[in-house]
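Here is how the chains run, residue by residue.
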Amino acid sequence: MPRKNLTARFVETVKVETRTDYQDEMVRGLWLRVSPSGARTWQAVYTRASDGTKQRVKLGRYPGMTLEKARTAALKMMTAVADGDDPADEKRASRAAMTVADLGALYIKKHAKPNKRTWAEDQRILDRDVYPFVGRMKAHAVKRRDILDVIDAKVEAGKVVQSRRVLAVVRKMFGWAVDQDYLQSSPVAGIKPRGKATQRDRVLSDDEIEAIWNALPDASLFDATKDVLRLLFLTGQRSGEVAGITADEIDMDRATWTIPASRTKNGRTHVVPLSPAALAIVEPWLDRVSREPNAPLFARVEQAIESNAIAAATRKHLQLFDERWTPHDIRRTVATGAAGIGIQPHIIEATLNHVSGFKAGVAGIYNRAAYEPEKRRALDMWAEHLDAIVTGRTAKVVPLKAGA
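All residue numbers refer to position in the chain's written sequence, counted from 1. Residue-level local features of this predicted model are given only where pLDDT is at least 70; pairs of side-chain atoms are given and counted only at 80 or more, and the full residue set underlies all totals for whole chains, interfaces and linings. To obtain the side-chain values, all non-hydrogen atoms of the structure were used and water was disregarded.

Chemist: Would you take a moment to explain the overall build of the protein chain for this structure?
Modeler: Per the convention used, a helix needs a DSSP run of H or I reaching at least four residues, while a strand needs a run of E reaching at least two, with both numbered from the N terminus. The helix and strand inventory of the protein chain stands at 16 helices and 10 strands. Working definition: with a 1.4 Å probe on protein chains only, accessible area under 20% of the residue-type maximum means buried, over 50% means exposed, and in between means partly exposed. Taking all 404 residues of the protein chain together, the buried fraction comes to 46%. Two residues form a contact once any of their heavy atoms are found within 4.5 Å. Within the protein chain, contacts between residues at least 6 apart in sequence are counted, and of these 56% link residues at least 24 apart. By element, 51% of the accessible surface of the protein chain is carried by carbon and sulfur atoms, the whole surface being about 21100 Å². Only the protein chains shown count as cover for residues, and all accessible areas are computed by the Shrake-Rupley method using a 1.4 Å probe.

Take a look at the structure:
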């Protein structure tokens, strides 16, 4: 095996045609294993005192573990060996004792929390969908069939989309475990998602709308999050667009919110008329923020509210029903509810800035009408109808005439 005074530059650039181990001349026992694929793995090699056999322990992978960190880890391990410890045997014993729940806790602590903003969703999936099936199993003993049983249970319950989410988290967890040498192989390798992901069609009922709206005042949410959710109900726009409103997008005199093309899904500037109810939500926030361009309207401390934060808050604090709902379901609910009070499909699409059906293809090229008066009328009608739903009073809505 080649011996080399390893340098950061060498570790970064070395390439091999066959798997090659490089022994570090500076730190006794540190090896760099390089594969033709480009993978670089740090290993500690020592002689077991009890029987004189060579033992190899994986320390980590480059670039996650730098040369400096690898040398520190190797020195610590060599010191332990000199004191009579057997790190390889201890690691095998640790792997043998570790349950899937133990592994999941390590994955959340060491990988998901530091690297994933959605780590809480990973935790929720593991707690709800994985641990009840295999949580007490030894992680090294989990087989492919055990994982398939977890995934298939979701599919058989008609939750294909959720089954794919579960598979993604389990795949990531076991893959991380292999990379960190907690396991020798992943039981998830080669498993393909079951079924085809289908488009969500969740539409909130009037009772659900009322429950969510009236739960907001007492919910454990930031005031900004509550008002973002209220504006989702009042405007039907996408959660990322509402969460990202800036002060200069609001024109109080014209009662409009102009979403620039850079922030819309279809790349088109979109003007949203604001109903009196929407204006009442926006106005207090305008008094709190700078009127400089791009100043976020909804901000807490120094961090703007973001779309995924709204979704996470919804999952944690506003899951009031047996069937899970998401902020995007509100947009679908507004479109369906608007149709129910007589607003024409092309006006709904114009109001939601949704290009399909009436506005798609050739029709979209030649039909440039912005429908500004109709959009304002539609959103005013919807706000009136929404108020009736959440208060229980009778709405004073006069449906639009056909063709309006």
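Chemist: Help me understand the packing of aromatic side chains, please; the structure alone is not making it clear to me.
Modeler: Here a ring pair, both rings aromatic, is described through the centre-centre distance and the interplanar angle of the planes. Stacked, edge-to-face and tilted labels apply to pairs of Phe, Tyr and Trp rings (six-membered ring for Trp) whose centres lie within 6.5 Å, assigned for plane angles under 30 degrees, over 60, and everything in between, in that order. Per the stated rule, a full pass over the model turns up 5 aromatic pairs. Centre to centre, the rings of Tyr 107 and Trp 176 are 6.1 Å apart; their planes meet at 65 degrees, and the pair counts as edge-to-face. Residue Tyr 107 is located in helix 4 (residues 100-115), and its partner Trp 176 is located in helix 7 (residues 160-179); the two are separated by 69 residues in the primary sequence. Considered together, Tyr 107 and Trp 176 belong to a single accessibility category, that of buried residues. Aromatic side chains Trp 285 and Phe 298 sit 5.3 Å apart centroid to centroid with 70 degrees between the ring planes, which places their arrangement in the edge-to-face category.

Chemist: Help me understand helix 8 (residues 206-215), please; the structure alone is not making it clear to me.
Modeler: For the α-helix, the turn length of 3.6 residues means that residues three or four positions removed from each other point alike. Listing the buried residues of helix 8 in full gives Glu 208, Ile 209, Ile 212 and Trp 213. Burial along helix 8 is one-sided: seen end-on, the buried residues are contained in an arc of 125 degrees. In this fold, the buried residues of helix 8 make contact with helix 9 (223-235), helix 13 (327-340) and helix 16 (372-391). The arc in question is the one traced by the directions running from the helix axis out to the C-beta atoms.

Chemist: Even after reading the chapter, I still don't get the pairing of strand 5 (residues 54-62), so can you show me in this structure?
Modeler: Within a regular strand, the side chains alternate between the two sheet faces. By definition, two strands form a pair when at least two bridges between them are found by DSSP. Relative to strand 5, strand 4 (residues 40-47) is paired through 8 bridges, and the arrangement is antiparallel. When the bridges of strand 5 are listed, Gln 43 appears paired with Lys 58. The turn joining strand 4 and strand 5, which pair antiparallel and follow one another in sequence, is formed by 6 residues; a positive phi near 75 degrees is taken by Gly 52.

Chemist: For this particular structure, what's the right way to read the sheet that holds strand 6 (residues 250-251)?
Modeler: Strand pairing in a sheet relies on backbone hydrogen bonds. The paired strands run either parallel or antiparallel. Ordered in space as 6-7-8, the 3 strands form an open sheet in which the pairing is antiparallel. Strands with a single pairing partner mark the edges of an open sheet, and in this sheet they are strand 6 and strand 8 (270-273). Pairing geometry for strand 7 (residues 256-259) and strand 8, over 4 bridges, is antiparallel. Bridging across to strand 8, Thr 258 finds its partner in Val 271.

Chemist: Just to check I follow, could you spell out the sheet that holds strand 3 (residues 30-34) for this structure?
Modeler: Read across the sheet, 5 strands follow the order 1-2-3-4-5 without closing on themselves; strand pairing throughout is mixed. What marks the edges here is a single partner per strand, and that holds for strand 1 (3-4) and strand 5. Relative to strand 4, strand 3 is paired through 5 bridges, and the arrangement is antiparallel. Across the sheet, residue Arg 33 finds its bridge partner in strand 4, namely Thr 41. This element, helix 2 (residues 67-82), spans strand 2 (20-24), strand 3, strand 4 and strand 5 of the sheet and lies at about 20 degrees to strand 4. Convention adopted: a line fitted to C-alpha atoms gives each axis, helices being fitted over their contacting stretch, and angles between N-to-C directions are expressed from 0 to 180 degrees.

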